[in-house]
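Examining the three-dimensional arrangement
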Amino acid sequence: ENQIEERLNELIANGEIDRQYKDKMVDQSHEIFKKYLTDLYTSSTKILSEQSILFATVKSSRPDKILIQNNQLIVLDFKTGAAEKKHHKQVRNYAQLLKRMGHENVKSALLYTEIPELIWVD
């Protein structure tokens, strides 16, 4: 959760968002985190952020988060805007790559931040 404000400060410094929206964005981000991510994050033994998945026959892939929990991995990608089928395909591909690497129990999810909604992808 502490990373939310740090990341927003980076976006402001880079000119990607206007400072006047920071407080609202911090509040919304904390609400989304509490509602959708707290349980996922606290039940994870490790969380990898933007780690490349390298596979010989596929170009590098980089999901937003890979959550490691006991006997499973959860691939989590954050999206803004409307839900699209291509987003489902993208996280399915990440999961398939991890399965090809020997991880048997891999789940995928999309978190749409503007809606907000967490969607589990089969």
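Refer to the structure presented above.
The structure reproduced in this document is the subject of the present report. The model shown is predicted, which means the values in this text are computed figures rather than measured ones. (Residues numbered from 1 in each chain as written. Predicted model: local features only at pLDDT ≥ 70, side-chain atom pairs only at ≥ 80, totals over all residues. Heavy atoms only, no water.)

Side note on the overall build of the protein
When helices and strands are tallied, the protein shows three helices and seven strands. Reading the protein from its N end, one meets helices and strands in the order α-α-β-β-β-β-β-α-β-β. Taken over the C-alpha trace, the protein has a radius of gyration of 15 Å; the compact-globule value for 122 residues is 14 Å, and the two agree within 12%. Counting all 122 residues of the protein, 37% fall into the buried class. At a minimum sequence separation of 6, the contacts of the protein that also span at least 24 residues come to 49%. (Helix = DSSP H or I, 4+ residues; strand = E, 2+ residues; numbered from the N terminus. Rg over C-alpha atoms; globule rule 2.2 N^0.38 Å. Buried < 20%, exposed > 50% of the residue type's maximum accessible area, 1.4 Å probe, protein only. Contact = heavy atoms within 4.5 Å.)

Let's talk about the pairing of strand β4 (residues 65-69)
The side chains of a regular strand alternate, first on one face of the sheet and then on the other. In terms of burial, β4 is a largely internal element, four of the five residues being buried. Two elements, β4 and strand β5 (residues 72-79), share five bridges in a ladder whose sense is antiparallel. Looking at β5, one finds that I66 is bridged to V75. Hairpin geometry of β4 and β5 is characterised by an intervening segment of two residues between the two adjacent antiparallel strands and by a positive phi of about 25° at N70. (Pairing = 2+ DSSP bridges.)

Quick word on the pattern of salt bridges
Oppositely charged side chains are able to pair whenever their charged atoms sit close together. Evaluation of the coordinates by the stated rule reveals four salt bridges. Ionic pairing is found between K22 and E5, a salt bridge with its closest N-O pair at 3.2 Å. Residue K22 is located in helix α2 (residues 22-42), and its partner E5 is located in helix α1 (residues 2-13); the two are separated by 17 residues in the primary sequence. A relative accessible area of 13% places K22 in the buried class. When the shortest N-O distance is used, the salt bridge between E84 and K86 registers 3.8 Å. (Salt bridge = Lys/Arg side-chain N within 4 Å of Asp/Glu carboxyl O.)

Thoughts on the packing of aromatic side chains
One pass over the full model with this rule turns up one aromatic pair. Aromatic side chains F33 and Y41 sit 5.3 Å apart centroid to centroid with 85° between the ring planes, which places their arrangement in the edge-to-face category. (Phe/Tyr/Trp six-rings, centres within 6.5 Å; stacked < 30°, edge-to-face > 60°.)

Let's talk about the sheet that holds β4
The strand order β1-β4-β5-β6-β7 describes an open sheet built from five strands, whose pairing is mixed. Here the strands that pair on one side only, and so sit at the sheet edges, are β1 (46-49) and β7 (117-121). Across this sheet, the average inter-strand angle for adjacent strands is 20°, counted without regard to direction. In the sheet, β5 pairs with strand β6 (residues 106-112) via seven bridges, with the strands oriented parallel. Across the sheet, the residue bridging to D77 is L110, located in β6. Set on the sheet, α2 makes contact with β1, β4, β5, β6 and β7; between it and β5 the angle comes to about 160°. Lying on the sheet, helix α3 (residues 85-100) is in contact with β4, β5, β6 and β7; it crosses β6 at an angle near 150°. (Axes fitted to C-alpha atoms, helices over the stretch in contact; angles between N-to-C directions.)

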